[in-house]
Structure formats: C-alpha cells, structure tokens
Amino acid sequence: APAQARARPALLLGGDVGVAQFVARQAEMRSLTQWFDGADRVSVMLVNGAGGQGKTRVARQFAGIVGERDGEAQVCEAVSLSEVFAQGMAGDDEEADEDREAPAGILLMVDEADLWPRVKLLKLFGDALTLRCERVRLLLTARAAGMWWSMLRVELDLPEVSWHELRLEPLDAANMRELAEAAARSHAAAGDWPLPPPLPQQILDQLAGSPPLSVELTVLARLDASNSGRHVPESLRAAVEVILEKELRYWAR
C-alpha cells in the first residue's frame with residue numbers, strides 16, 4: 001500500500017518484489033531463451049554478477065515469460081534452505097495420479113544458489129534429474145561463479161547435464177536512463193507521489209558503471225526526499241543515507 005511504501009521505501013527495491021518496470025537486458029533474455037529451448041534434456045544455467053546487478057529480477061522475468069507459454073513448462077522455485085525439494089514440482093507427490101500427463105518441461109529456479117549448503121543443492125539437483133518430463137532446466141543465480149560452482153560441476157559430472165553461464169554487466173548509458181525513467185514512474189505510483197522530473201544528467205554520469213540497483217535507489221531517495229520536504233540527494237551516498245534513515249525511523253517507532 002502507498003502508506004507502507006512511504007514508511008519503508010527500501011522494500012520497493014527488492015528484486016523479488018519487482019516494483020520497477022523491467023527494462024533493458026534484451027540480450028540476456030535472448031540468451032536465456034536459447035538456453036531454455038536447447039536440445040539437451042537437462043541443462044543448468046548460472047546467472048551471476050555483482051550485488052545489485054539484477055540477477056533475481058532477470059531470473060524472475062524470464063520465469064514469467066516461460067510460465068506464459070501455453071502448457072510448455074511448469075515453473076517452480078526452490079525458496080527454502082531447509083526444504084530440499086521445491087513445492088509443486090512434477091513427481092514429488094507420491095499419491096499423484098500416475099495417468100496424469102507430465103508437463104513438457106520443468107524450469108526450476110534457485111536464487112542465491114551459492115549460499116545453499118552444497119549437500120542440499122546436490123540433493124535438489126539429483127531429484128530434478130529423476131523428473132519424468134522431456135526437458136529439465138535449472139536456473140541458478142549467484143554473485144560469483146567461484147569454487148562452489150566448480151565443485152558442483154565436478155560432483156555432478158554427468159553426460160546428460162549441460163552447463164552454461166550468463167554474466168550480468170552494468171547497463172550502458174541509454175539503458176540506465178531508460179531504467180531511471182521507468183523506476184521514477186513505478187516508485188511514484190507505489191508511493192502515491194507526483195511523477196518527478198527526469199534524473200539530471202550529472203547524476204546519471206556519476207552512476208555510470210554502477211549496478212541497476214544504484215539507479216533505482218537514487219531515484220527512490222530523491223522521490224522520498226522531495227515529497228517529505230527534505231534536501232534532495234545529489235549523490236549515491238546521500239541517497240543511501242536517505243533510505244537508511246527512513247528504515248531506522250520505522251524500526252525506532
């Protein structure tokens with residue numbers, strides 16, 4: 001609700017919430033589509049990148065696209081470190097009707113996979129390999145593709161599994177401006193604020209090379225400050241202080 005958004009604007013920034021309109025990343029969406037439509041029965045894709053690059057948002061956006069395809073794939077997400085098996089995956093119901101038609105494919109998302117205990121991640125992968133469908137796709141997000149990723153591939157060195165990686169890089173200047181404009185519209189609507197003027201070019205220049213989250217955060221902080229009679233931040237550091245101060249005020253109350 002708008003009152004909640006104004007009280008805790010930081011909540012609008014979560015990739016799992018997806019408040020701001022999704023823009024740019026067309027090349028990444030094409031890469032994920034080609035991966036999903038590949039000929040391998042079982043395939044794993046790791047989307048990695050620094051914090052704030054939009055890994056969760058990209059994965060969820062792509063899952064939404066797959067989910068809208070007519071009956072082609074069932075989309076699931078493993079959301080708990082304590083629950084190994086994802087809710088609702090085909091084949092996990094022992095009392096399911098054996099005559100029920102299996103989905104043509106499964107897309108299983110695992111966000112922040114590098115934080116999962118490897119034994120649970122291996123169990124999840126092993127269970128996914130047994131699913132009775134034509135296509136199994138596992139979409140992982142992580143901040144890095146380091147030792148945990150290498151070890152996972154070694155421990156699951158199976159001929160029927162193909163492995164892929166997609167690295168998210170900072171947006172270019174044109175896409176950053178598009179994101180800033182989309183974030184302004186979305187966050188203004190969420191907080192029931194008037195639509196603000198475009199982000200000044202000097203601030204966009206300061207944000208060059210920053211992750212998309214920094215652009216959203218700056219837009220949101222300027223919106224909040226301008227509508228609460230406070231000094232409008234002119235830098236990312238000042239914008240962070242605005243959002244943190246609002247969060248501290250909420251918890252103090």
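Provided above is the structure to which this section pertains.
Residues numbered from 1 in each chain as written. Predicted model: local features only at pLDDT ≥ 70, side-chain atom pairs only at ≥ 80, totals over all residues. Heavy atoms only, no water.

### Focus: the packing of helix α2 (residues 26-36) against helix α3 (residues 55-67)
Stated formally: For helices, the fitted axis covers only the stretch in contact; all axes are lines through C-alpha atoms, and the angles between them, taken along N-to-C directions, range from 0 to 180 degrees. Numbering goes from the N terminus for both helices and strands, where a helix is a DSSP run of H or I of at least four residues and a strand is a run of E of at least two. Throughout this description, any angle smaller than 35 degrees is read as roughly parallel, any larger than 145 degrees as roughly antiparallel, any in the 65 to 115 degree range as roughly perpendicular, and the remainder as oblique. Definitions for this section: a left-handed crossing has its near helix turned counterclockwise from the far helix by less than a right angle. A right-handed crossing has that turn clockwise. Between two residues, a contact is recorded if the distance between any of their heavy atoms is within 4.5 Å.
The interhelical angle for the contact between α2 and α3, taken along N-to-C directions, is 55°, at an axis separation of 11 Å. Classified by the angle between their axes, α2 and α3 sit oblique to one another. For the pair α2 and α3, the sense of crossing is right-handed. Here M29, L32, T33, W35 and F36 of α2 come into contact with α3, specifically with V58, Q61, F62, I65 and V66.

### Regarding the packing of aromatic side chains
What counts is decided by this rule: Two aromatic rings, drawn from Phe, Tyr or Trp (for Trp, its six-membered ring), form a pair once their centres lie within 6.5 Å of each other, and the interplanar angle then sorts them: stacked below 30 degrees, edge-to-face above 60, tilted otherwise. Partly exposed residues are those whose accessible area sits between 20% and 50% of the maximum for their type, while under 20% is buried and over 50% is exposed, using a 1.4 Å probe and protein chains only. Definition used: whenever NZ (Lys) or CZ (Arg) falls within 6 Å of the ring centre and also within 35 degrees of the ring normal, the charge is taken to sit over that ring.
Tallying each qualifying case throughout the model produces six aromatic pairs. Judged by centre distance (5.3 Å) and plane angle (75°), the ring pair of W149 and W163 falls under edge-to-face. Residue W149 is found in helix α5 (residues 147-155), and its partner W163 is found in strand β5 (residues 161-167); the two are separated by 14 residues along the sequence. Like W163, W149 is buried. By the ring-pair criterion, three or more aromatic residues cluster together here, those being F125, W148, W149 and W163. Stacked on the ring of F36, the Lys or Arg R135 has its end atom at 5.1 Å from the ring centre.

### Comments concerning the sheet that holds strand β2 (residues 74-78)
Just so we agree on the cut-off: Should DSSP find at least two bridges between two strands, the strands are regarded as paired.
With parallel pairing, the five strands of this open sheet are ordered in space as β2-β3-β4-β1-β5. Every other strand in the sheet has two partners, leaving β2 and β5 as the edge strands with one partner each. Taking the axes of each pair of neighbouring strands and ignoring which way they run, one obtains an average angle of 20° across the sheet. Pairing between β2 and strand β3 (residues 105-110): five bridges, direction parallel.

### As for helix α4 (residues 118-129)
How we decide: Between the first and last residue of a helix there are one fewer steps than residues, each counted as 1.5 Å, and that sum is the expected span. Picture the helix axis, draw a direction to every C-beta atom, and the arc is the one those directions span.
Helix length check: α4, at twelve residues, gives a terminal C-alpha distance of 16 Å against a target of 16 Å (1.5 Å per residue), a fit within 8%. Residues of α4 that are buried: L121, L124, F125, D127 and A128. Along α4, the residues classed as buried sweep out an arc of 160° about the axis, all on the same side. On its buried side, α4 packs onto β1 (42-48), β2, β3, β4 (135-142), α5 and β5.

### A word on the pattern of salt bridges
The criterion, for reference: Each reported salt bridge corresponds to a side-chain nitrogen of Lys or Arg within 4 Å of a carboxyl oxygen of Asp or Glu.
On inspection of all chains with the given rule, the structure shows 15 salt bridges. Ionic pairing is found between R69 and D37, a salt bridge with its closest N-O pair at 2.9 Å. Taken together, the residues span a long stretch of sequence, with R69 in the loop between α3 and β2 and D37 in the loop between α2 and β1 at a distance of 32 residues. Since its relative accessible area comes to 37%, D37 is described here as partly exposed. Residue K246 pairs with D224 through a salt bridge whose shortest N-O separation is 2.5 Å.

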